[in-house]
Amino acid sequence: MTKLMQVAVVGAGNMGGGMLTRLRGLGWSVAVHDVDPQVQSHAAALGAVACGSAKEAAQLLSPDGVLMVVVVDAAQTEVVLWGEGGAGPVMQPGQSVMLCPTLGPVTVQGQAERLAQRGIDFIDAPMSGGPLRAKEGTMSLMVSCSDAVWQRSQTLLNALSQQVFRVGTRPGDGARTKLVNNLLAAVNLAGAAEAMALAERLGLDPAATLSVIEASSGQSWIGSDRMRRALAGDFEPRAHVTLLAKDTGLALQAAEEVAFDPPLGRIARGLFAQALAQGWADLDDAALLQLMRQR
């Protein structure tokens, strides 16, 4: 008889892989599906049960199991849940879908409603912090779900992270919180890149200047994380330029829906668009320093 899984992870790349590694290290039984065979093989080497589709992974879930969707965008989420080989049609009442990508609130609400029609519970839970913090269990999770689902999910959420924030009960509030966070992250990253490029132009040692900033009022986590790598010439992708480019667009769309005009957000979105135009979509978003050096 096939052992039932507590969790199924669909999308085991950077963040999903970190979360899966964390759960396996704590002894959780995990099914996994990823479209990249190398990613799937790595997950299997950690003891996860490799599956040929999201549907197959969902079919291995226990009656109260959780399907964690850790893909990139709304289109991929739709495929995972409702496309060919999708998980949604085979999931059962009592099981839950935990949606982790950065998505627009309307998309999240729509998915929650479709799942609710089948009696499937929903956890709106975007994450932030990067793959290393996902592995360590120190990333932040922004969770919105019903009281009953919140209580039932405590063990899983606390296993995934020491930084779990319940931001509401309404599907989409996790997404709204994540968009606010990522808009600020984009603004902070653009500002850090601008400051480092100016330090270089002024003839300062940029690494020493960054050390000063890290101990002073200009400090930001994303500025330190990205600029340390960029100053070392390391643009290997941990978070692709495409991600914050997408997220700033979603944040400005959400702002428009409530008649709010974020001027710094618009500038940040424009800078990420310029980075994409340079052909840097697949570079780490630390590449914004290269953009500022060109000014």
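This text follows the structure it describes.
Residues numbered from 1 in each chain as written. Predicted model: local features only at pLDDT ≥ 70, side-chain atom pairs only at ≥ 80, totals over all residues. Heavy atoms only, no water.

### Section: the packing of aromatic side chains
For step 1, the next point in the chain: On inspection of all chains with the given rule, the structure shows zero aromatic pairs.
For step 2, the next point in the chain: The cationic tip of Arg133 hangs over the ring face of Trp221; the distance from NZ or CZ to the ring centre is 5.3 Å. (Phe/Tyr/Trp six-rings, centres within 6.5 Å; stacked < 30°, edge-to-face > 60°. Lys NZ or Arg CZ within 6 Å of the ring centre and 35° of its normal.)

### So, helix 1 (residues 14–25)
Note on helix geometry: an α-helix contains 3.6 residues per turn, so any two residues three or four positions apart are oriented the same way.
For step 1, the next point in the chain: Relative to the 16 Å expected for twelve residues at 1.5 Å per residue, helix 1 spans 17 Å between its end C-alpha atoms, a close match to the ideal helical length.
For step 2, the next point in the chain: What helix 1 keeps buried is the set Met15, Gly16, Gly17, Gly18, Met19, Leu20, Arg22 and Leu23.
For step 3, the next point in the chain: Phi turns positive, to about 90 degrees, at Gly27, one or two residues after helix 1. (Helix = DSSP H or I, 4+ residues; strand = E, 2+ residues; numbered from the N terminus. Expected span 1.5 Å × (residues − 1). Buried < 20%, exposed > 50% of the residue type's maximum accessible area, 1.4 Å probe, protein only.)

### A closer look at the layout of surface pockets
For step 1, the next point in the chain: For the second largest pocket, the calculated volume is near 260 Å³.
For step 2, the next point in the chain: Among the secondary structure elements, those contributing two or more residues to the lining of the second largest pocket are helix 9 (173–201) and helix 12 (241–257).
For step 3, the next point in the chain: Taken together, the residues of the lining of the second largest pocket sort by class into ten nonpolar, no polar and two charged. (1 Å grid on protein atoms, 1.4 Å probe; cavity = no way out; pocket = protein on both sides within 12 Å on 5 of 7 lines; lining within 4 Å. Points joined across faces, edges and corners; volume = space filled by probe spheres on them. Nonpolar A, V, L, I, M, F, W, Y, C, P; charged D, E, K, R; others polar.)

### Thoughts on the pattern of salt bridges
For step 1, the next point in the chain: Throughout the structure, instances matching the rule amount to 15 salt bridges.
For step 2, the next point in the chain: Asp147 serves as the salt-bridge partner of Arg166, at 2.7 Å between the closest nitrogen and oxygen. Residue Arg166 is found in strand 9 (residues 163–168), and its partner Asp147 is found in helix 7 (residues 147–152); the two are separated by 19 residues along the sequence.
For step 3, the next point in the chain: Given the relative accessible area of 31%, Arg166 is considered partly exposed.
For step 4, the next point in the chain: Note that Arg170 and Asp173 form a salt bridge whose closest N and O atoms lie 2.7 Å from each other.
For step 5, the next point in the chain: Given a relative accessible area of 44%, Arg170 falls into the partly exposed group.
For step 6, the next point in the chain: A single network of salt bridges, built from pairs that share partners, joins Asp225, Arg226, Arg229, Asp284 and Asp285. (Salt bridge = Lys/Arg side-chain N within 4 Å of Asp/Glu carboxyl O.)

### Notes on unusual backbone geometry
For step 1, the next point in the chain: Residues other than glycine seldom take positive phi values, yet Ala259 does so here, at roughly 55 degrees.
For step 2, the next point in the chain: Tracing the backbone shows Ala259 in the loop between helix 12 and helix 13 (263–277).
For step 3, the next point in the chain: When its relative accessible area of 75% is taken as the criterion, Ala259 is described as exposed.

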